[in-house]
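Each chain, letter by letter, is given below.
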Amino acid sequence: MTRPNLRLIETPEVPAARAGEPAIGIKALTKTYRTRDGDVPTLRPIDLDIADGEFVAVVGPSGCGKSTLLKLIAGLIEPTSGSIEVGGKEVVEPPDDVGIVFQSPVLLAWRSVLANIMMPVEVRKLDYASHLERAKALIKTARLEGFENKYPWQLSGGMQQRAAICRALVHDPKIVLMDEPFGALDALTRERMNLELQRIHFETKKTIVLITHSIPESVFLADRVVVMSDRPGTIEAIYEVPLPRPRSLEMMGTPEFSALAKQVRSHFYAEGGID
Ligand SMILES: Nc1ncnc2c1ncn2[C@@H]1O[C@H](COP(=O)(O)OP(=O)(O)OP(=O)(O)O)[C@@H](O)[C@H]1O
Ligand SMILES: [Mg+2]
């Protein structure tokens, strides 16, 4: 059996972005939460360049700082030291060209599904009519047709998460940050959403950062899989996924796919499990 073309880049070597200016440039980034009970060192220095149009998946043990990393990129919290650039500009507030799917859907209870999805358009004062068409197309893709006028509490958890994904994409951001977006979905819907996300990435060439607890999902979707260490988290390894695109679900049964998933998984067995 031939070994797949695995390329492991161990830190501290900084993996280079593929071409041109990175869409996201992270330099010596650290985060320590200051709390009443003392400091919580959460991220050790992280260096990572993500190329324009690249799909990066981040996996790591629970509590290692994945959501923290995503919130830093989204400009929602401040770094303790180091810097983040999005589109060549230092992040000091949430950049316009970024869409985010949070770990829990955080929909506004008093707004309908459609009004929730249109939030980024309103906040950014974009053209309502053209984006309404886009919202409707996304609603169709996410199989939420007929639920536009319902309220979030009238939806299942998975449906709420799908609405949150529509909201992240409605203003057509170049960069999409997703924090375990499919965690609440049943296996079949999750597979369908994986295929849909792959299609969106393929067709729109968006830059996507996806946090996931699913190793197969990370290998299936990503160009590179970033493995983080326990808290205070840092990059432990980065794997390139050289599988051709578009990828089919059947590909998950191939020896190449299994070997890649095994490599990523080996980090967690060494440390006692991913969760
Ligand atoms: N606002 C905050 N104040 C203080 N500590 C925080 C805050 N947010 C997160 N932390 C701490 O930082 C650490 C990392 O949290 P984070 O949510 O980034 O982890 P995670 O890798 O996303 O975990 P999970 O996989 O369970 O979602 C945890 O120990 C958490 O308790
Ligand atoms: Mg998290």
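The preceding data block contains the structure.
Residues numbered from 1 in each chain as written. Chains lettered and ligands numbered in written order. Predicted model: local features only at pLDDT ≥ 70, side-chain atom pairs only at ≥ 80, totals over all residues. Heavy atoms only, no water.

1. With respect to the overall build of the protein chain
- Scanning the protein chain from terminus to terminus reveals eight helices and eleven strands.
- The C-alpha radius of gyration of the protein chain comes to 18 Å, within 12% of the 19 Å expected for a compact globule of 275 residues.
- For the protein chain, the spread of C-alpha atoms along the three principal axes comes to 50 × 50 × 40 Å.
- Across the 275 residues in the protein chain, those meeting the buried criterion constitute 51%.
- Long-range pairs, those at least 24 residues apart, make up 71% of the contacts in the protein chain with a sequence separation of at least 6.
- When the accessible surface of the protein chain is totalled, it reaches about 13000 Å², and 53% of it is carbon and sulfur.
- Treating the 33 positive side-chain charges of the protein chain as one cloud and the 36 negative ones as another, the clouds have centres 3 Å apart. (Helix = DSSP H or I, 4+ residues; strand = E, 2+ residues; numbered from the N terminus. Rg over C-alpha atoms; globule rule 2.2 N^0.38 Å. Buried < 20%, exposed > 50% of the residue type's maximum accessible area, 1.4 Å probe, protein only. Contact = heavy atoms within 4.5 Å. Areas by Shrake-Rupley, 256 points an atom, 1.4 Å probe, with all protein chains shown as cover. Lys, Arg positive; Asp, Glu negative; His and termini not counted. Charge placed at Lys NZ, Arg CZ, Asp CG, Glu CD.)

2. Description of the coordination of the magnesium ion (ligand 2)
- Those protein atoms acting as donors to the magnesium ion (ligand 2) are Ser67 (OG) and Gln103 (OE1), and they sit at 2.0 to 2.3 Å. Here Ser67, found in helix α1 (residues 66-73), pairs with Gln103, found in the loop between β7 (98-101) and α2 (113-117); they are 36 residues apart in sequence, far enough to count as distant.
- For Ser67, a relative accessible area of 18% translates into the label buried.
- Residue classification places Gln103 among the partly exposed positions, given a relative accessible area of 41%. (Donors = N, O, S within 2.8 Å, 3.2 Å for Na, K, Ca; no water.)

3. Points about the site of ligand 1
- Close contacts around ligand 1 come from 14 residues, with Ser62, Gly63, Lys66, Ser67 and Thr68 the closest.
- Arg231 places a side-chain nitrogen or oxygen 3.3 Å from an oxygen atom of ligand 1.
- Burial of ligand 1 by the protein chains amounts to 67% of its free accessible area of 640 Å².
- Listing elements by their share of the shell around ligand 1, those giving two or more residues are β2 (24-35) and α1. (Near = heavy atom within 4 Å. Polar contact = N/O pair within 3.5 Å; in protein donor to acceptor, adjacent residues only side chain to side chain.)

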